[in-house]
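Here is how the chains run, residue by residue.
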Amino acid sequence: MGSVGMGVFGFSMEQLYMYTLLLAGALTVLCVFFGEDPDSEKVVRVFQPVLIFSFFTCSSAIGFLLETATEFNEWSVLGISVLAALLLNFLLSFFVLFPCSYERNSQIEESLSGQVGNVTTHIPVDGYGEVVFETYAGKFSKRATGYSNESFDQNEKVVVLEVSEDTLYVRAYQTIDLERQTKRSIR
């Protein structure tokens, strides 16, 4: 029923497609659950591991189906499966991964109001610098400017008052010495 050919590495093309499908499918599932890149909020990358593994999963599944169900030669099956997988990967990235990445970024930005961070790049008057935040998942930094156009030196602690258009508006963080406050109020 399928084409009879030499194959690769001593395997028939059907076997090669099936083994590739199983391996790439397993790696895709692992990547979806465990392979999140902490820098993905900064840049939407085209060559994400989940896209690479899903490409091999789709192309091997289509290749296996075409090898077993049609009389096309091996090169035609390979070409059709690669083109179909490229199209499916484009649709996956355009309609699923990019919108999810954008939504995640906006949720992170909304949660930054009230957070305290350290200035890593000097924030000049009427200018921009960078503030780093430490979370349970690691460190990340964002562009920041003074809320009232004030300047901040490196390693100064700031609190986020507002987030707008991927920019944090910050003010100097001031700690309250409760012990001193309590002693003053008792007198």
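Notes on the structure in this doc start here. (Residues numbered from 1 in each chain as written. Predicted model: local features only at pLDDT ≥ 70, side-chain atom pairs only at ≥ 80, totals over all residues. Heavy atoms only, no water.)

Describing the overall build of the protein chain
Part 1 of the reasoning: When you go through the protein chain residue by residue, the secondary structure sums to four helices and five strands.
Part 2 of the reasoning: For the protein chain, the α and β elements follow one another from N to C terminus as α-α-α-β-β-β-β-β-α.
Part 3 of the reasoning: Across the 187 residues in the protein chain, those meeting the buried criterion constitute 28%.
Part 4 of the reasoning: The long-range fraction of contacts in the protein chain, counting pairs at least 24 apart against all pairs at least 6 apart in sequence, stands at 55%.
Part 5 of the reasoning: About 12600 Å² of surface is accessible on the protein chain, with carbon and sulfur atoms providing 62% of the total. (Helix = DSSP H or I, 4+ residues; strand = E, 2+ residues; numbered from the N terminus. Buried < 20%, exposed > 50% of the residue type's maximum accessible area, 1.4 Å probe, protein only. Contact = heavy atoms within 4.5 Å. Areas by Shrake-Rupley, 256 points an atom, 1.4 Å probe, with all protein chains shown as cover.)

Let's talk about the packing of aromatic side chains
Part 1 of the reasoning: Tallied over the full model, the rule gives four aromatic pairs.
Part 2 of the reasoning: Judged by centre distance (5.5 Å) and plane angle (80°), the rings of phenylalanine 11 and tyrosine 19 are edge-to-face.
Part 3 of the reasoning: Taking the relative accessible area as the measure of exposure, phenylalanine 11 reaches 33% and is therefore partly exposed.
Part 4 of the reasoning: Among the residues examined, tyrosine 19 registers a relative accessible area of 44% and is labelled partly exposed. (Phe/Tyr/Trp six-rings, centres within 6.5 Å; stacked < 30°, edge-to-face > 60°.)

Concerning the pattern of salt bridges
Two side chains bearing opposite charge may form a pair once their charged atoms approach each other closely.
Part 1 of the reasoning: Considering all chains together, one arrives at one salt bridge under this definition.
Part 2 of the reasoning: With a closest N to O distance of 3.9 Å, arginine 171 and glutamate 150 form a salt bridge. Of this pair, arginine 171 sits in strand 5 (residues 167-172) while glutamate 150 sits in the loop between strand 3 (138-146) and strand 4 (157-164), and the two are 21 residues apart along the sequence.
Part 3 of the reasoning: Using a relative accessible area of 34% as the deciding quantity, one classes arginine 171 as partly exposed.
Part 4 of the reasoning: A relative accessible area of 21% places glutamate 150 in the partly exposed class. (Salt bridge = Lys/Arg side-chain N within 4 Å of Asp/Glu carboxyl O.)

Thoughts on unusual backbone geometry
Part 1 of the reasoning: In the Ramachandran plot, aspartate 126 falls in the positive-phi region, its phi being about 55° despite a non-glycine side chain.
Part 2 of the reasoning: Secondary-structure assignment places aspartate 126 in the loop between strand 1 (116-121) and strand 2 (129-135).
Part 3 of the reasoning: Look at asparagine 155: it is not a glycine, yet its phi comes out positive at around 70°.
Part 4 of the reasoning: Along the chain, asparagine 155 falls in the loop between strand 3 and strand 4.

Digging into a nonpolar patch on the surface
Part 1 of the reasoning: Together, Leu23, Leu27, Val29, Leu30, Val32, Phe33 and Phe34 line one region of the surface with nonpolar side chains, adding up to about 750 Å² of accessible area.
Part 2 of the reasoning: Looking at the element boundaries, leucine 27 is found in helix 1 (residues 13-34).
Part 3 of the reasoning: Leucine 27 sits in the partly exposed class, given a relative accessible area of 31%. (Patch = residues over 30% accessible without salt bridge, like charges linked within 9 Å, V, L, I, M, F, W, Y side chains within 5 Å.)

Some thoughts on the nonpolar core
Part 1 of the reasoning: Counting residues in hydrophobic clusters, the biggest one holds twelve residues: Leu112, Val119, Ile123, Val131, Phe133, Phe140, Ala144, Phe152, Val158, Val160, Leu168 and Val170.
Part 2 of the reasoning: When residues of this core are traced back to their parent elements, those giving at least two are strand 2, strand 3, strand 4 and strand 5. (Core = buried A, V, L, I, M, F, W, Y, C linked by side-chain atoms within 4.5 Å.)

Focus on the pairing of strand 4
Part 1 of the reasoning: Here three bridges tie strand 1 to strand 4, and the two strands are oriented antiparallel to one another. Within strand 4, the position partnered with valine 116 by the bridge is valine 159.
Part 2 of the reasoning: As defined by bridge partners, strand 4 adjoins strand 5 across six bridges and the pair is classed as antiparallel. Across the sheet, valine 160 pairs through a bridge with valine 170, a residue of strand 5.
Part 3 of the reasoning: Where strand 4 folds back onto strand 5 in an antiparallel hairpin, the turn is made up of two residues, including glutamate 165, whose phi is positive at roughly 50°. (Pairing = 2+ DSSP bridges.)

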